[in-house]
Amino acid sequence: TLQIITPGSNTSLIQPGFSLLHFGSHVFYLGQKGWPKRSCPTGVFLLDLKNNDLKLRPTTFTNDSCYLPPLRHPAVCSFSASQGGEITQYLIHGGKTPNNEISHKLYIMTMAFPVNKRFSLCCSEKDLAGDVPEAKYGHSMNVVFSRGKTAVVMFGGRSYMPLNQRTTENWNNVIDCEPLVYLIDLQFGCSTSFNLRELQDGLSFHVSLARNDTIYIFGGHSLGNNFRPPNVYKIKVDLPLGSPAVSCTVINSKLSFSSSIVTQTSPDEFVIVGGYESDSQKRLICNGVFLDDETIDIQEIETPDWTGEIKHSKTWFGADMGKGAILFGIPVDNKHQSTDCSFFFYVLNFGDNDPALKTCSQGSTEEQEDSMPLEDSEEFTFNRDGNIFDEDT
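Residues numbered from 1 in each chain as written. Predicted model: local features only at pLDDT ≥ 70, side-chain atom pairs only at ≥ 80, totals over all residues. Heavy atoms only, no water.

K.L.:
Break down the overall build of the protein for me, with residues and values.
P.N.:
The helix and strand inventory of the protein stands at 1 helix and 30 strands. Of all 393 residues assigned to the protein, the portion counted as buried reaches 55%. Excluding contacts between residues fewer than 6 apart, the proportion of contacts in the protein whose partners are at least 24 apart in sequence is 58%. Here the protein has roughly 17500 Å² of accessible surface; of this, 47% comes from carbon and sulfur atoms. (Helix = DSSP H or I, 4+ residues; strand = E, 2+ residues; numbered from the N terminus. Buried < 20%, exposed > 50% of the residue type's maximum accessible area, 1.4 Å probe, protein only. Contact = heavy atoms within 4.5 Å. Areas by Shrake-Rupley, 256 points an atom, 1.4 Å probe, with all protein chains shown as cover.)

Next comes the structure, spelled out in structure tokens:
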């Protein structure tokens, strides 16, 4: 089902690059437009969706929490104490601040017990040692389970050029990160990088799915050669008593896309929605992905009855609400500029339950001018003539 949503309080803060966190039946919004104001100093909001009315309600942090900036395009993944168990915390790495600074920090977000029916979140910063991932955005992060152990896998993304290569003209230019796979031991904060020969390009805005000890990487975009690979990369992680082992298998696929959104409809079934097939072509088809211990099956499934506004818009963006539901927006056209909100919002539901977040995705686009080429991030046009058009800067 596809349902248009009426924007309510605080929805003007929604912007491309946002993330959704799900604890139980509650979905929280992260990545507000601009810096937080006194009315909600945390910049995290409870997503209230009733009778197709969307409202963002301010959320507080516990007193022992650290500050969390409003990050666009971070890598976000859920973490549970046991395989398939209830989500107990979220990991948030990287992303862009409203000043277009790229974060290198890893945050852990948990939900505190409600007091007087008011929900509080606890945010802490996790220090890493070893091969520490660089500041980046548009990358992915997943949790794998192997031999009774857990580890966090990070891949892809974009970052600014190294300082020793930056000049006044290219100061804000970004490049693909090295195609390294980072394996992070969350208990000890130790990070190890792996250079796999099957991964030749640094990819950003891809989709990643995790099942047991395996991660599947779909699509993505490489800035270096303007390429969206049609392959699926199967990354397998083994966590014995000694050194961990990481291997990669390339699976041929006809899917080539970037900035898609993924939602999980059952323990082994996912749906990939949206994104772009090229710089100027939105991806309007949907694919079901079915996983078991060794195989992956990708099938095209029935598409929603897209509205005219969705079909004709140049850009779209969104995030997974969980249990088969996706919240996404498209820019309001010039004829509707009198409205308070800059976007139309929709909920696309492939499941039968209330939204609940359980998976990780990298779906987003930056708002672009009509004359600009369509893409999943602003870097194709950010400094084309030396001007920064981000109104938050």
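K.L.:
Which residues make up the sheet that holds strand S11 (residues 129–130), and what are the values?
P.N.:
Ordered in space as S11-S17-S16-S13-S12, the 5 strands form an open sheet in which the pairing is mixed. Here the strands that pair on one side only, and so sit at the sheet edges, are S11 and strand S12 (140–146). As defined by bridge partners, S12 adjoins strand S13 (residues 149–155) across 7 bridges and the pair is classed as antiparallel. Its bridge partner being in S13, Asn 142 is matched across the sheet by Val 153. (Pairing = 2+ DSSP bridges.)

K.L.:
Explain the nonpolar core residue by residue, including any values.
P.N.:
The biggest cluster of nonpolar side chains holds 21 residues, and the ones touching the most others in it are Ile 14, Phe 18, Leu 20, Leu 47, Leu 327 and Phe 345. For this core, the elements supplying multiple residues, two or more each, are strand S3 (26–30), strand S4 (44–50), strand S5 (53–58), strand S28 (317–322), strand S29 (325–331) and strand S30 (343–349). Core analysis: the next-biggest nonpolar cluster, separate from the first, contains 18 residues, Phe 155, Ile 217, Tyr 233 and Val 246 among them. (Core = buried A, V, L, I, M, F, W, Y, C linked by side-chain atoms within 4.5 Å.)

K.L.:
I'd love a proper account of the confidence of the model for the protein, names of residues and values included.
P.N.:
Summary statistics for the protein give a mean pLDDT of 86 and a share of 86% for residues scoring 70 or more. At the low end of the mean pLDDT range in the protein sits strand S9 (residues 106–115), at 87; at the high end sits strand S16 (residues 180–185), at 97. Of the regions scoring below 50 in pLDDT, residues 354–393 engages in 146 contacts with residues more than four places distant in sequence or in other chains. (pLDDT = per-residue confidence, 0-100.)

K.L.:
Could you give an account of the packing of aromatic side chains, with specific residues and numbers?
P.N.:
Applying the stated rule across the entire model yields 11 aromatic pairs. Note on Tyr 137 and Phe 205: the rings are 6.2 Å apart at their centroids and 75° apart in plane angle, and the pair reads as edge-to-face. Highlighted residues: Tyr 137 in the loop between S11 and S12 and Phe 205 in the loop between strand S17 (190–195) and strand S18 (207–211), separated in sequence by 68 residues. You'll find Tyr 137 and Phe 205 in the same group, each marked buried. Pairing Phe 317 with Phe 343 gives two aromatic rings, centres 4.8 Å apart and planes at 75°, and the pair type is edge-to-face. (Phe/Tyr/Trp six-rings, centres within 6.5 Å; stacked < 30°, edge-to-face > 60°.)

K.L.:
Go over the pairing of strand S8 (residues 87–93) with me, naming the residues and quoting the values.
P.N.:
S8 sits mainly inside the fold: 6 of its 7 residues count as buried. Sheet analysis places strand S7 (residues 75–80) next to S8, joined by 6 bridges and oriented antiparallel. Following the sheet pairing, Ala 75 is matched in S8 by His 93.

K.L.:
Just give me the short version of the pattern of salt bridges, but keep the residues and values in it.
P.N.:
Inspection of the entire model under this criterion finds 9 salt bridges. The residue Arg 197 makes a salt bridge to Glu 198 at a minimum N-O spacing of 3.8 Å. Using a relative accessible area of 68% as the deciding quantity, one classes Arg 197 as exposed. Here Glu 198 falls in the partly exposed class, since its relative accessible area comes to 23%. It is possible to trace a salt-bridge network through shared partners that takes in Arg 211, Asp 268 and Asp 293. (Salt bridge = Lys/Arg side-chain N within 4 Å of Asp/Glu carboxyl O.)

K.L.:
How would you sum up the pairing of strand S22 (residues 261–266)? Please name residues and give values.
P.N.:
Bridge count for S22 against strand S23 (residues 269–273) is 5 bridges, and the pairing is antiparallel. Within S23, the residue paired with Val 262 across the bridge is Ile 272. In this antiparallel pair of consecutive strands, S22 and S23, the connection spans 2 residues.

K.L.:
Go over the sheet that holds strand S26 (residues 286–291) with me, naming the residues and quoting the values.
P.N.:
The 4 strands are arranged S22-S23-S26-S27 in an open sheet whose pairing can be described as antiparallel. Strand pairing shows two members of the sheet lacking a second neighbour, S22 and strand S27 (296–301), which therefore form its edges. Going from strand to strand, the sheet's axes swing by 25° on average, the running direction of each strand aside. (Axes fitted to C-alpha atoms, helices over the stretch in contact; angles between N-to-C directions.)

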